[in-house]
Structure formats: C-alpha cells, structure tokens
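Structure at a glance
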Amino acid sequence: MSAQDTFVQRADEALADHDLGRSIRHVTGLLDQRRREASASVPDFEALKDRARSAKLGMLADLEGNLLRFEEKIKANGGHVHWAKDAEDANRIILGILEKSGAKKVVKSKSMATEEIELNHALEAAGVTPVETDLGEYVAQLKGDKPSHIILPIIHMTRQAVADTFNEKIGTHASPDVAQLVEIARKVLRKEFETADAGITGANFGVVDSGALCIVSNEGNARFVTSLPRLHIAVMGIEKLVADLDDLSVFLRVLARSATGQRLTVYSNLIWPGREANDQSGPREAHVVLLDNGRSDLLNSKAAEILACIRCGACLNICPIYKAVGGHAYGGTYPGPMGSILSPALGAKKGSELAGASTLCGACKDACPVKIDIPRMLQYYRTGEKFGKREGLVKGLSFYLFGLLASRPRVFGAFGRLLRTIAPTGNGWIKVGPWLPFGWTRHRTLKLPAKKTFIAQWKEKAGHG
Amino acid sequence: MRPKKVQLFPTCLVNELFPEVGFDVVTVLKKLDIEVEVPLTQVCCGQPAYNAGYTEDAKKVALNFIDAFEKTEGPIVAPSGSCSDMVAHHLPSLFADDPSLKARAEKVASRIREFSQFLVDDLGVTDLGGKLPASVAYHPSCHLSRGLGVKTQPQALIAGVKGATLNSAENMDECCGFGGSFSVTHDALSGAMLEAKMSCLDKAGAERIVSCDMGCLMHIEGGFRHKDQARKVQHLAQFLAESLR
C-alpha cells in the first residue's frame, strides 16, 4: 500500500516494481482479449451497446422519479429503503440497522459501493466484525490491502503472496496452488456464513418496475450472503437503476462479455428485498440503502454520462496507463479511466489530478459497453471548471505564452527565427541526458528544430518562382 | 467531384521540426495532379492548450487557424490524425457558446481531411504506382484511428506500394505514450508506455515503422535512438514519396 500523495509519485513507485507491471499487463491483456472475442461472437454487439447506453441514459433523465418508483415497489414488497446523502450518512444508517437487530458479525459479498464509503472501517470501529466472502476481497481484507481492480480485487498479488497471506494470517500451511487456496477459503468462509448475523451486499442493478435487485457473482457467495443470515442490507449507488427485466437482460449480456468475456456471469441473483408473511426462507428483514455521495452533483454536470457506468472494468483492462501502473497508483476506490472521472466527484472529492494521467488515447471509450466518452470528460476536468486545477505556475504560464504567440503569425514567425539564431538546429537528434528541467530526455532523444520551417521554405520557393 | 486543389495544413511539428514531411506530402499530391496551396498566416490548431484544459488560450490559437483557412477554398489536408481530429471535432465544441464563431469553426472543420483519408476516401486512390521492397510495421495513432475512425486507409496505401509488406503483432493499436505535454508531466509513465510500444513494434519485426502522426513518430524514434538502436521511422507521406522516386 502506498503512502505517496500524488499520482505521479505513486505511479513511479509502481513502475519500479517490474513483477507487478508484468503480471498486471498479462492478466489485463488476457481479459481484454476475451472481451474482444466475446464481443465479436455476438452478431451485432454494437447495437446491444447502443441499447444499453440509451436504456441507462433514459433512466438518468428522470433519476429522481425512477428512484421514487423503485422505493415504492420495495416497500410494497416488504423491504425497507434508506436515502444516504454521503458516506458518513450511509455508515450511520447501516450501523443503526445492525445495532437494532443486535448483529455482531456481518458477511459481505463484493461491493465497490461499500469500499467507497469505507464501511468496514466504520463497522470495526463500532465493534461489528465484517467478513469479506469474495475470494479476492477476503484475501485483501486479511492482508489489510485495498482492491486494485474493480472486478479482480487482488490482480496485483501473486499466488505465492496469497498463500503467504493465508499462512501468516490464518495459520495454514498452504502452497501456492490455486485449488488448495480456494479450498482453504471455502472451508473458512462456510463457517462464517453459518454464524453471521447479517449479510451486506452491493447491487449491480436495481429494477424499477418490480423493486428487484440484481447481484452478479462468479463464486456463489452472494447467494449465501443474501439468504443465510436473518438480515440483508444492500448498498446501491443511486445510478444503478434499470427500467425492467427486459432491459436487465441487455445489461447482463454486455456486462459479462465486457468484464470477463463470459456469455453470462456464473450467478445472476435476482432478489426482491422484503418478505411476505408466510415466507419461510430468506432473511427476515431486508434494507436497501440508496447512496448519493456526490452522484446528484455529477448528474447536474457535464460529466453526468459517467453515471451510466456499469463497473465492468473493460476500460481498466484496455488502458495503457492502468496496465503500466495498476490500480493503487490512482489512490481512490475506483481506478483506471472510469475512476479518474468518478473519484474526484464521490465523497472526498479527491483526485482531480487524475484527469492529467491520460494521453486521451480513447481506448476506454472504444471498450466501454455503454460507450461513455471518457476522454471528453478528462479534457473537461482538465479545464478545472469542476474540481479546480492543481498545476504549477510553469504550465499555466507556458500555455498563456503559447496562446499569445501562436495566435499572432508574424510575432510567432519572428520569435521562431530569433530562437533559431541561438538554439542548435538541423536534421539531427541530441541525447542530452536527464539534466534538462523536464523529463522528456530521460527516456527519449530530442529532435532538433529544422534550420528553416516548412512555411519559410515554401515562401522562398514561391519567391524564386 | 474530384478536388483539383487543396490547402495544406502542415501542422506545427512538421512545420518546425520535420519540414521534409510537408514537402513529401506535396510530392504525393502533385503526383495525383492536385494543386497545393499553403495559407501563410496559419500557425497551430490549438490542440496542445485544448488537451491540457487551457480553453481560453486554445481559443485564441484556434481563431487564428480559422482566420487563416476560411479565406481559402477546398479541402484542408493535414499529415496528422491528431491535428485533423482536433479541427474536425473539437474546434466547433471550443466555440459552443458563441453561435457565430461556432458556425465559422464548423465550416472550417467540415473541410479538414487527414492525408491518408484524403487520398483513399476522396480521391479513391490506394495504388500510386510506387515501388519499394520493404517490410513495414504500421502504428495506428490513437486520434487517427479512434478519433477520426481512419482504421484502414493508411494500410491500404502501404499495401498499394509494389514490394511492400505489412507486419503486425499483438497490441499494435495501443497508445505509444506520447500524449503531448503528458510525456513531460508524466515522463516515467510515458516512458514505460513507450517501452511497451517499442517491444510490440520489434515483435512485428519490420524494417520500417510508418505512421500518420509525427508526434508519435518523434516519440518512438526518440525512444529507439535513446537506446542507440537505429530504426527507420517514417511518416506515411515519406514512405509513399520514397516509393515514387
């Protein structure tokens, strides 16, 4: 875990770890390849993406109305709904529910929303024991680590590191063998499921017309979490709505293909929070916490489009920057391209510098199953209009001078001719080493300016007829 | 109708650092009987400032660009996917809140054509009659392929040269890490991306590296030279002009 406080520092630290770089590049490359193949196997995947996009944007167009309808359905089904304006609010609500029910141990399935509000910290501080039951999240929790990818939480860890964590934290004698490691976790977690007082999940989708939640997982743990304990609490970002089961089917298809290249996630759990009087199974009490935490503010901004994100991770897997530095360098809950747009907006409003951490190459937009224009929003964040600018005077002054000179052709030409009388020119390249005040020359040789510009040469040729 | 005359927008990098690329563009266009004019008051489209979020500075520069080109007629041809993408897509959005400026920007934007796009889409040419025995690794620059959607035209022009073969490898469409001022503000990260790009190009195992953006090419060639590894790195116009010699 990094204690560095800027992206560049954290990125440099990650770059120094060559094993990390190699393994992240390998795994993300594999996932990206699977995504490409899975997308190509659907006759008109682009049309499916368009449908998903317009369904999401349609929901967002009247988000408040849709949320109210969703709430009404859940209540009618016998479930409880809570509105949390920020992380603190959400944690307070959840702790209140747990306290009332006397819950001391909580099993959790994988949820980025609960990462976002740092729920585990709040639970521990209140004397409640949270147990992560997604394999990756479980390992991260044991190790005291944070997830570095939104669908592969411990993409940054090797098999050996997982075995070491188990051996150190739960006293096993595991070798770095995947089957053995899974078996250990299965045994430990089975007991936790049986003895937990409450289950806490996120939600991939909330279905407005029936008050249902859809939670997808590949490990089956979400099913235990939502059915064994007597109490279920789901924490859901307010943007996660879909209109009906028809739309849901579109999202499930694009989500699985974009995330892992699967045709469908192994478990697509559809549950209706609430309990009918004669129900014998399932939790006795179910709560849905609708989390805002900056989302309403985003909805009213030029970055509203990011609320269509379905957290598939495709933009992480294709991003050359994520591939080079991994997720921890981003310093927030959500890494990669989608994280660079989301993180500054959610809660702590940290991470506006992340917008600069991109070449605007556009690969994320290409891979996105809802066609979110991430590069456009990165450029928008860079203007500082939304979250301010965190840049040195030198950069600002450089662009001011650029604006001043490059808008005046005659001055610009004269300036160029003047520079050419003092600086070296020609067709060559110079290797100047790392002593220049900017980093370019640490990795690249510098091209000299031409003796005469193209336009100067063109003028001369015209002059000579 | 087939255009007879174009306005050349060499772009800053070509104008200041690689003028020979501009003359090779002219050579290729002349071979196709296209007359070339160069508006002399042009400087830059404003992209560096725009990408960095300095909108007001970008506007000043973009306005000079509009001034320089709106007095002229015909397609504006640029040997750069990046600059063409800026003019085509971002010039109008830069002036979104001023209807009259926006209209002027849109008019200029509608005329911009990237070099390979102009040859293949507008002139319908892929075979210029050139000859050059060479194996080529083509780097699809991001703003050309993803921004402008020009994904096949440069390859068609390379394949149209007698004796030329196209080599490829995995991840050829990955960014080289240049990103303008990004390569200065995030130099180590940019360097790591460049490293990945160079190893990808080497896997393709071609004698030459060809692309349609001098920013990427300057970055890539600078990277190879830094390691004292000689590679023949060329703009598509240079490659085509050489094949005609």
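The structure this text deals with has already been given above.
Digging into the overall build of chain B
- A tally of helices and strands in chain B yields 13 helices and 8 strands.
- With respect to the principal axes defined by its C-alpha atoms, chain B has extents near 50 × 45 × 25 Å.
- The burial tally for chain B puts 59% of its 245 residues in the buried class.
- If you take every contact in chain B between residues at least 6 apart in sequence, the share linking residues at least 24 apart comes to 76%.

Describing the overall build of chain A
- A count of helical and extended segments in chain A gives 22 helices and 12 strands.
- With respect to the three principal axes, the spread of C-alpha positions in chain A is 95 × 55 × 45 Å.
- In chain A, buried positions account for 49% of the 465 residues.
- Within chain A, residue pairs in contact and separated by at least 24 positions form 73% of the contacts whose partners lie at least 6 positions apart.

Comments concerning unusual backbone geometry
All names here are of chain B.
- At Asp33, a position not held by glycine, the phi torsion is positive, near 60 degrees.
- Assignment of secondary structure puts Asp33 in the loop between helix H2 (19–31) and strand E2 (35–37).
- Located in the positive-phi region is Asp228, a residue other than glycine, with phi close to 55 degrees.
- Here Asp228 shows up in the loop between helix H12 (214–226) and strand E8 (232–235).
- Residue Asp228 is classed as exposed on the basis of its 8 C-beta neighbours within 10 Å.

Here's the deal with the nonpolar core
- Residues Val289, Leu291, Ile306 and Cys315 of chain A are the most contacted members of the largest nonpolar core, which totals 207 residues.
- With near-sequence residues (within four places) excluded, Ile306 of chain A lies in contact with Leu298, Met338, Ile341, Leu342, Ile372 and Met377 of chain A.

Some thoughts on the environment of Leu201 of chain B
All names here are of chain B.
- Counting through the fold element by element, Leu201 comes out in helix H11 (residues 187–204).
- Each C-alpha atom, one on Leu201 and one on Ala169, is 7.2 Å from the other, the two residues being 32 residues apart in sequence.
- Those residues in contact with Leu201 that sit more than four places away from it in its chain are Ala137 and Ile209.

What to know about the interface of chain A and chain B
- Each partner contributes residues to the interface: chain A has 48 residues there, and chain B has 51 residues.
- Residues of the side of chain A that touches chain B, tallied by class, amount to 26 nonpolar, 13 polar and 9 charged.

Observations concerning the packing of helix H8 (residues 135–143) of chain A against helix H9 (residues 159–170) of chain A
Residues and elements named next belong to chain A.
- Following both chains from N to C, one finds H8 and H9 inclined at 55 degrees, their axes separated by 10 Å at the closest point. Looking at the two axes, H8 sits oblique to H9. Judged by the sense of rotation from one axis to the other, the crossing of H8 with H9 is left-handed. Contacts between H8 and H9 involve Val139, Leu142 and Lys143 from the first element and Val162, Thr165, Lys169 and Ile170 from the second.
- Of the residues in the contact of H8 with H9, the class split is 4 nonpolar, 1 polar and 2 charged.

Some details on helix H10 (residues 178–195) of chain A
Residue and element names in this part refer to chain A.
- Taking 1.5 Å per residue as the helical rise, H10 with its 18 residues ought to reach 26 Å, and the 26 Å between its terminal C-alpha atoms agrees with that figure.
- When we look at burial in H10, the residues that qualify are Leu181, Ala185 and Leu189. Taken end-on, H10 shows its buried residues confined to a sector of 45 degrees, consistent with a single buried face. Those residues of H10 that are exposed and aimed more than 90 degrees away from the buried face are Ala179, Glu183, Arg186, Lys187, Arg190, Lys191 and Glu194.

Notes on the sheet that holds strand E3 (residues 76–78) of chain B
All names here are of chain B.
- In space, the 4 strands of this open sheet follow the order E2-E1-E3-E4, with parallel pairing throughout. Sheet topology places E2 and strand E4 (112–114) at the edges, where each strand pairs with a single neighbour. Neighbour-to-neighbour, the strand axes of the sheet open up by a mean angle of 40 degrees, direction not taken into account.
- Judged from the 3 bridges that link them, E3 and E4 form a sheet pairing that is parallel.

Definitions and limits used
Residues numbered from 1 in each chain as written. Chains lettered and ligands numbered in written order. Predicted model: local features only at pLDDT ≥ 70, side-chain atom pairs only at ≥ 80, totals over all residues. Helix = DSSP H or I, 4+ residues; strand = E, 2+ residues; numbered from the N terminus. Buried ≥ 20, exposed ≤ 12 C-beta atoms within 10 Å, placed from the backbone. Contact = placed C-beta atoms within 7 Å. Core = buried A, V, L, I, M, F, W, Y, C linked by C-beta atoms within 7 Å. Nonpolar A, V, L, I, M, F, W, Y, C, P; charged D, E, K, R; others polar. Axes fitted to C-alpha atoms, helices over the stretch in contact; angles between N-to-C directions. Parallel < 35°, antiparallel > 145°, perpendicular 65-115°, else oblique. Left-handed = near helix turned anticlockwise from the far one by under 90°. Expected span 1.5 Å × (residues − 1). Arc of directions from axis to C-beta. Pairing = 2+ DSSP bridges.

Fair warning: the whole summary comes from geometry, so function is off the table for now.
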